[in-house]
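# Analysis of the macromolecular model
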Amino acid sequence: DCAYIAGENDDNNNSLEVFKFSTAGEVLWKKNYESGYLIGDCFIEERTSTRVTLAASRDGDEGDYGVLVLDINSTTGEVVTQKLINPGGPDDVGCSGIDTDADGNVVITGYYYDSQDDKNKMFVEKLNSSLSRVWAKSLDTETSYSMTAGDCASDSQGNVYAVAYYNIDVNN
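Rules used throughout
- Residues numbered from 1 in each chain as written.
- Predicted model: local features only at pLDDT ≥ 70, side-chain atom pairs only at ≥ 80, totals over all residues.
- Heavy atoms only, no water.
- Helix = DSSP H or I, 4+ residues; strand = E, 2+ residues; numbered from the N terminus.
- Buried < 20%, exposed > 50% of the residue type's maximum accessible area, 1.4 Å probe, protein only.
- Contact = heavy atoms within 4.5 Å.
- Areas by Shrake-Rupley, 256 points an atom, 1.4 Å probe, with all protein chains shown as cover.
- pLDDT = per-residue confidence, 0-100.
- Core = buried A, V, L, I, M, F, W, Y, C linked by side-chain atoms within 4.5 Å.
- Phe/Tyr/Trp six-rings, centres within 6.5 Å; stacked < 30°, edge-to-face > 60°.

## As for the overall build of the chain
Along the backbone of the chain there are zero helices and 13 strands. When the helices and strands of the chain are placed in sequence order, the string is β-β-β-β-β-β-β-β-β-β-β-β-β. Across the 172 residues in the chain, those meeting the buried criterion constitute 43%. The contacts in the chain between residues at least 6 apart in sequence include a share of 38% that link residues at least 24 apart. Only carbon and sulfur atoms are counted for the fraction: they give 42% of the accessible area of the chain, which is about 8800 Å².

## Structural notes on the confidence of the model for the chain
Mean pLDDT for the chain: 81, with 79% of residues reaching 70 or above. Confidence, read as mean pLDDT per element, is least for strand β1 (residues 3-9) in the chain (53) and greatest for strand β11 (residues 133-139) (91).

## Side note on the environment of Asp-41
Mapping Asp-41 onto the fold places it in strand β4 (residues 38-48). The spatial distance from the C-alpha of Asp-41 to the C-alpha of Ser-96 is 7.4 Å, given a sequence separation of 55 residues.

## As for the nonpolar core
Core analysis: the largest hydrophobic core is formed by 13 residues, its most contacted members being Ala-55, Val-67, Val-69, Ile-85, Ile-108, Phe-123 and Leu-127. Ignoring any residue separated from it by four or fewer positions in sequence, one finds Val-67 in contact with Ala-55, Ala-56, Lys-83, Leu-84, Ile-85, Val-93, Gly-94, Cys-95, Ile-108 and Phe-123. Residues Leu-16, Val-18, Trp-29 and Ile-72 belong to the second largest nonpolar core, which totals eleven residues.

## Regarding the packing of aromatic side chains
Inspection of every chain in the model, using the stated rule, returns one aromatic pair. Look at Phe-19 and Phe-21: their rings are 6.2 Å apart centre to centre, the planes differ by 25°, and that puts the pair in the stacked class.

## A look at the side chain of Glu-125
Mapped onto the fold, Glu-125 is located in strand β10 (residues 119-127). Take Glu-125: its relative accessible area is 1%, and that puts it in the buried class. Setting aside residues up to four positions removed in sequence, Glu-125 forms contacts with Lys-83, Ile-85, Val-106, Val-107, Ile-108, Arg-133, Trp-135 and Ala-136.

Shown next, in the form of structure tokens:
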């Protein structure tokens, strides 16, 4: 058992820094992963005894927004596979949660801004162990309100649970 911390390091060309701590609190390794873009919310999940998966919101130039997903060797800290998820096109995309199911698949929740509808929508995406898409869903409200994803979880049968909340303007 150990703990991981992930976050952005602005002093190092917008890189992600990930620390692995032992159960005694010793730093086992520290790695920088250069993204070249501003990183927002970060989530990390231990997937197997030798892999952790990191998902982070990435703000880029027009068309470069997305969720950066890194599959990391938990022994060495080296990136095994990486992928950029962009479910909604060129507009703002954010990550809200990550989980691993019983088969080692990764589930990621997040949101994206839909400029056509002028509101946020929620996405849920399931990736296999190679970070290839198993399925992806875009979810929306039946109202004019924005929908933002919260965290996610999966059960032993592989079902996925995702939480969302609505941004309601109480003045209208």
